[in-house]
Amino acid sequence: MKHYLDIYTTRKEMQEKGITNPSEQIKKFTKDFVEILQSFSLDKKIILINNSFFDDAGNLIITIPERS
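These numbers were taken from a predicted model, which means no experiment stands behind them.

(A) Local environment of the packing of aromatic side chains. All told, the structure shown has six aromatic pairs when counted by the stated rule. Consider the rings of Tyr8 and Phe53, whose centres lie 6.2 Å apart with planes at 85°: the pair is edge-to-face. Placement of Tyr8 in helix α1 (residues 2-17) and of Phe53 in strand β2 (residues 52-55) is noted, with a sequence separation of 45 residues between them. The same class applies to Tyr8 as to Phe53, namely buried. The interplanar angle of 20° and the centroid separation of 5.6 Å between the aromatic rings of Phe29 and Phe33 together place this pair among those described as stacked. You can see Phe29 and its partner Phe33 sitting in helix α2 (residues 24-38), four residues apart, about one turn around the helix. Each member of the pair, Phe29 as well as Phe33, carries the same accessibility label: buried. Here the aromatic residues Tyr4, Tyr8, Phe29, Phe33 and Phe53 are joined through ring pairs into a cluster of three or more.

What counts, and where the lines are drawn
- Residues numbered from 1 in each chain as written.
- Predicted model: local features only at pLDDT ≥ 70, side-chain atom pairs only at ≥ 80, totals over all residues.
- Heavy atoms only, no water.
- Phe/Tyr/Trp six-rings, centres within 6.5 Å; stacked < 30°, edge-to-face > 60°.
- Helix = DSSP H or I, 4+ residues; strand = E, 2+ residues; numbered from the N terminus.
- Buried < 20%, exposed > 50% of the residue type's maximum accessible area, 1.4 Å probe, protein only.

Pasting the structure below:
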């Protein structure tokens with residue numbers, strides 16, 4: 001989980017600073033995903049399957065938006 005938190009926190013910071021400028025849909029996804037990950041313990045397992053993130057119990061956490 002820490003891996004994804006680090007990556008998406010960095011992406012969120014880059015978006016906020018204007019270093020990257022993805023679509024508003026991706027910016028919202030990044031912000032929401034970071035908030036969700038911050039609520040989990042760092043040892044929680046996160047699984048990525050077909051553009052969706054699941055917890056170790058198989059519950060959907062969030063899905064990456066389709067590119068428009």
